[in-house]
Amino acid sequence: MTDFPAATQRARVRVPLRFNDGYSVNTELVTFHGLADGQEHVAVVIGEPAPGALPLVRLHSECLTGDVFGSARCDCGPQLREAVERIADRGGVLLYLRQEGRGIGLYNKLDAYALQDQGLDTYEANAALGLPEDARDYTAAAQMLAALGITDLDLLSNNPDKAEQLRGLGVTVRDRVPTGVFSTAHNVRYLRAKVLHTQHTLPLAELTELNAG
């Protein structure tokens, strides 16, 4: 287990969410003091787990292009929408983490997009820019969970690194629950790269077939 300074809850505010497809849910947004990276991460508390049940938790990295503008080059927007409803069904928390572009920032992400248009995949493009394939660190996420009193959880994610980092930070991840597959003609190479480079739990054969088509 890695030691890290404690964070504390700063404020809680009720925020009803409304999505373009008509789905709505009431939530509480929680802000924090003392997060290790100094970023303004937010916890979205949705519902209440049944007695004795573990909360369902999603670590969602901010994606302006996907979450806000509906970009078809990634699957972030649909994953966010799915996560909110699945967490509402079980009770849990979505941690919205300010880690645009797997931690490299918005401008660098758009530069990487330009290189992807020249044939590189998402990880190769980061490397060509002299940046890490994935720069995300989940210490702040572990701090947020501790401040919320969550020590045991089921993690909604296709990414094994998220579970491994949380476990290394002392969080008990019982199960890693896969998200849906949200493929488009514009993001299938991106999804395949996530399987090949970072072992995301996505159907590689199906994505290969779509890419070939």
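Along each chain, residues carry numbers from 1 onward, in the same order as the chain's sequence is written. Local features are withheld for residues below a pLDDT of 70 in this predicted model, meaning they are given only at 70 or higher, and side-chain atom pairs are given and counted only at 80 or more; totals for whole chains, interfaces and linings count all residues. To obtain the side-chain values, all non-hydrogen atoms of the structure were included, while hydrogens and water were left out.

Counting from the N terminus, the helices are the DSSP runs of H or I reaching at least four residues and the strands are the DSSP runs of E reaching at least two. Tallying secondary structure elements over the protein gives 9 helices and 7 strands in all. Each accessible area value is a Shrake-Rupley result obtained with a 1.4 Å probe; residue values ignore everything except the protein chains displayed when judging cover. Working note: accessible area of the protein is about 10,400 Å², and carbon and sulfur atoms make up 51% of it.

Here helix α7 (residues 160-168) has its buried residues at Pro160, Lys162, Ala163, Gln165 and Leu166. Here a polar contact is taken to be a pair of N or O atoms separated by no more than 3.5 Å, where protein atoms must pair a possible hydrogen donor with a possible acceptor and residues adjacent in sequence count only if both atoms sit in side chains. Two to three positions downstream of the cap, the backbone nitrogen of aspartate 161 sits 3.0 Å from a side-chain oxygen, assigning the N-cap of α7 to asparagine 159. In the stretch just after α7, glycine 170 is the one whose phi turns positive, near 90°. Burial classes follow relative accessibility: with a 1.4 Å probe on protein chains only, a residue under 20% of its type's maximum area counts as buried, one over 50% as exposed, and anything between as partly exposed.

Turning our attention to the packing of aromatic side chains. What describes a pair of aromatic rings is the distance from one ring centre to the other and the angle between the planes of the rings. In summary, the pairing rule links any two rings of Phe, Tyr or Trp, Trp by its six-membered ring, whose centres are within 6.5 Å, and it sorts them by plane angle into stacked for under 30 degrees, edge-to-face for over 60 and tilted for everything else. In total, this model carries 1 aromatic pair according to the counting rule given. Ring centres 6.3 Å apart and planes at 40° place the aromatic pair phenylalanine 19 and tyrosine 23 in the tilted group. A cation over an aromatic ring shows up here: arginine 73 above the ring of tyrosine 113, its NZ or CZ 4.2 Å from the ring centre. Here arginine 81 stacks its cationic end above the ring of phenylalanine 19, 5.5 Å away from the centre of that ring. A positively charged side chain is recorded as over a ring if its NZ (Lys) or CZ (Arg) lies within 6 Å of the ring centre. The angle to the ring normal must also be within 35 degrees.

We define a salt bridge as a side-chain nitrogen of Lys or Arg found within 4 Å of a carboxyl oxygen belonging to Asp or Glu. Scanning all chains against the criterion turns up 11 salt bridges. Linking glutamate 85 and arginine 81 is a salt bridge whose minimum nitrogen-to-oxygen distance equals 2.9 Å. With glutamate 85 and arginine 81 both in helix α2 (residues 76-90) and 4 residues apart, this pair spans about one turn of that helix. On the basis of relative accessible area, glutamate 85 is assigned to the partly exposed category, the value being 31%. Here the salt bridges do not stand alone but share partners, grouping Arg90, Asp154, Arg174 and Asp175 into one network.

Nonpolar side chains (Val, Leu, Ile, Met, Phe, Trp, Tyr) are joined into patches within 5 Å and like charges within 9 Å, using only residues with over 30% relative accessible area and no salt bridge. Together, Leu64, Val68 and Phe69 give the surface a local cluster of nonpolar side chains, amounting to about 310 Å² of exposed area. For leucine 64, the location among the structural elements is in helix α1 (residues 64-68).

It is worth spelling out unusual backbone geometry at this point. Keep in mind that most residues, glycine aside, have a negative phi and that most peptide bonds are trans. Despite not being glycine, arginine 102 has its phi angle at roughly 55°, a positive value. You can see arginine 102 is positioned in helix α3 (residues 100-103).

This next bit is on the nonpolar core. Most often, soluble globular proteins have nonpolar side chains that are buried together. Here the nonpolar core consists of buried residues drawn from Ala, Val, Leu, Ile, Met, Phe, Trp, Tyr and Cys, with membership extended through side-chain atoms lying within 4.5 Å. If you look at the biggest cluster of nonpolar residues, it comprises 26 residues, and the most contacted ones within it are Ala43, Leu59, Leu95, Leu145, Leu153 and Leu166. Of all elements in the fold, only β2 (24-33), β3 (42-46), β4 (56-61), β5 (92-97), α6 (139-147), β6 (152-156) and α7 reach the threshold of two or more residues within this core. Considering every element that reaches this core, the biggest residue donor is α6, with 5 residues. Formed by 13 residues, the second largest nonpolar core is a distinct cluster that contains Leu56, Leu80, Tyr96 and Leu156.

When DSSP finds two or more bridges between two strands, those strands count as paired. Two strands pair when backbone bridges link them, and strand β1 (residues 8-18) and β2 are joined in this way by 10 bridges, in the antiparallel orientation. Bridge pairing in β2 links valine 15 to threonine 27. Taking the residues between adjacent antiparallel strands as the criterion, β1 and β2 are bridged by 5 residues, where glycine 22 takes a positive phi near 100°.

Attention now goes to helix α4 (residues 106-116). Taken together, the buried positions of α4 are occupied by Lys109, Ala112, Tyr113, Leu115 and Gln116. Seen from one end, α4 has its buried residues packed into an arc of 160°, which puts them on one side. Our arc is simply the arc of the directions from the helix axis toward the C-beta atoms.

With 84% of its residues at a pLDDT of 70 or more, the protein shows a mean pLDDT of 88. Long-range and interchain partners of residues 207-213, a stretch whose pLDDT sits below 50, account for 13 contacts in this model, where long-range means more than four residues apart. pLDDT is defined as a per-residue confidence score from the predictor, taking values between 0 and 100. Contacts were defined at the residue level, with two residues in contact if any of their heavy atoms lie within 4.5 Å.

Moving on to the state of the cysteines. What counts as a disulfide here is a pair of cysteine sulfur atoms lying within 2.5 Å. Under the defined criterion, the tally for this structure stands at 0 disulfides. Residue cysteine 63 stays outside any disulfide, its sulfur separated by 3.7 Å from that of cysteine 76, the closest cysteine. Unpaired in terms of disulfides, cysteine 74 finds its nearest cysteine sulfur in cysteine 76, a separation of 3.5 Å.

Spatially, 7 strands are ordered β1-β2-β3-β5-β4-β6-β7 in an open sheet, and the strand pairing comes out mixed. Here the strands that pair on one side only, and so sit at the sheet edges, are β1 and β7 (172-177). When the angles between neighbouring strand axes are averaged without regard to direction, this sheet yields 30°. Sheet topology places β4 next to β5; 6 bridges connect them, and they run parallel. Paired with serine 61 across the strands is leucine 97, a residue of β5. α7 rests against β4, β6 and β7 of the sheet, and its axis sits at about 170° to β7. Between the N-to-C directions of two axes lies an angle of 0 to 180 degrees, each axis being a line fitted to C-alpha atoms and, for a helix, fitted only over the stretch in contact.

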